[in-house]
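# Coordinate analysis (summary)
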Amino acid sequence: MDKFDQAIIAELKKNARASVSFIASQVNLSRSSVSERIKKLELNGFIRGYQVLLTESQKEGVSVYFEIQHQCARCAEVIPKFRNIPEVVTCHGISGDMDLLVFVKADSMRRIHEIRESLDMMDDIVKIKTHVVMSEWIDNR
């Protein structure tokens, strides 16, 4: 991947619906060259797809972040427990008093409560803080 491919990807990240003509003008290449490069990037797996991202307030359901403190020697020991919860979207090891930051999306607050209760029952988990997502203002994915 060269600087032109990187520039094309940067433009697509800004607006995946941008026309090939517009992208070509931004990266100083011909339309046919940009079109060809996009096809190659897709075929080689650099571009896996295009998607619509809604703000949290426009989505159905409830999103929360759980800050979790555990007593395992390593985070890797407790992670399998989170893999068994289908609503878990991401799980990150973090610094500070808490050990993990877990992002969960569920259909209802009732389901969030059930997940929280099941986490509370795990012997290795010492403390949980729940943060409900109220609004989303920036998402640079």
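Above: the structure in question.
This text gives an overview of the structure that appears in the document. This structure is a prediction, so every number in the text was calculated from the model and none was measured.

What counts and how
- Residues numbered from 1 in each chain as written.
- Predicted model: local features only at pLDDT ≥ 70, side-chain atom pairs only at ≥ 80, totals over all residues.
- Heavy atoms only, no water.
- Helix = DSSP H or I, 4+ residues; strand = E, 2+ residues; numbered from the N terminus.
- Expected span 1.5 Å × (residues − 1).
- Buried < 20%, exposed > 50% of the residue type's maximum accessible area, 1.4 Å probe, protein only.
- Arc of directions from axis to C-beta.
- Contact = heavy atoms within 4.5 Å.
- Phe/Tyr/Trp six-rings, centres within 6.5 Å; stacked < 30°, edge-to-face > 60°.
- Core = buried A, V, L, I, M, F, W, Y, C linked by side-chain atoms within 4.5 Å.
- Pairing = 2+ DSSP bridges.
- Axes fitted to C-alpha atoms, helices over the stretch in contact; angles between N-to-C directions.
- Parallel < 35°, antiparallel > 145°, perpendicular 65-115°, else oblique.
- Nonpolar A, V, L, I, M, F, W, Y, C, P; charged D, E, K, R; others polar.

Taking 1.5 Å per residue as the helical rise, helix H5 (residues 109–120) with its 12 residues ought to reach 16 Å, and the 16 Å between its terminal C-alpha atoms agrees with that figure. Restricting attention to buried positions, one finds in H5 the residues Ile 112, Ile 115 and Leu 119. The buried residues of H5 occupy one face: seen down the axis, they fall within an arc of 65 degrees. Buried residues in H5 make contact with strand S1 (62–70), helix H4 (79–83), strand S3 (100–106) and strand S4 (125–132).

Turning our eyes to something else, we now look at the packing of aromatic side chains. What the rule picks out here adds up to 1 aromatic pair. For the ring pair Tyr 65 and Phe 103, a centre distance of 4.7 Å and an interplane angle of 35 degrees mean the geometry is tilted. Of the two residues, Tyr 65 is situated in strand S1 and Phe 103 in strand S3; the sequence distance between them amounts to 38 residues. By relative accessible area, Tyr 65 is classed as partly exposed at 34%. A relative accessible area of 9% means that Phe 103 is categorised as buried.

Let us look at the nonpolar core. Counting 20 residues, the largest nonpolar core has Phe 66, Ile 68, Phe 82, Val 102, Val 104 and Leu 119 as its most contacted members. Of all the elements in the fold, those that place two or more residues in this core are S1, H4, S3, H5 and S4. When sequence neighbours within four positions are dropped, the list of residues in contact with Ile 68 reads Phe 82, Met 98, Asp 99, Leu 100, Val 102, Leu 119, Ile 125, Lys 127 and Ile 128. Residues Leu 12, Ile 23, Ala 24 and Leu 41 belong to the second largest nonpolar core, which totals 11 residues.

The two faces of the sheet receive side chains in turn, since in a regular strand these alternate between them. Within S3, 5 of the 7 residues are buried, which leaves the element mostly enclosed by the surrounding structure. Where S1 lies against S3, 7 bridges are found, and the strand directions are antiparallel. Looking at the pairing, Glu 67 lines up with Leu 101 of S3. As judged from the 5 bridges shared by strand S2 (residues 88–93) and S3, these two strands associate in the antiparallel manner. Across the sheet, residue Thr 90 finds its bridge partner in S3, namely Phe 103. Hairpin remark: S2 followed by S3, antiparallel, with 6 residues in the connecting loop; positive phi at Gly 96, about 105 degrees.

Right, let's get into the packing of helix H2 (residues 20–27) against helix H3 (residues 31–43). Axis separation between H2 and H3 bottoms out at 8 Å; the angle between their running directions is 105 degrees. Judged on the interaxial angle alone, H3 and H2 are roughly perpendicular. The segment H2 lies against H3, with Val 20, Ser 21, Ile 23, Ala 24 and Val 27 engaging Arg 31, Val 34, Ser 35 and Ile 38. Its residues placed into classes, the contact of H2 with H3 shows 6 nonpolar, 2 polar and 1 charged.

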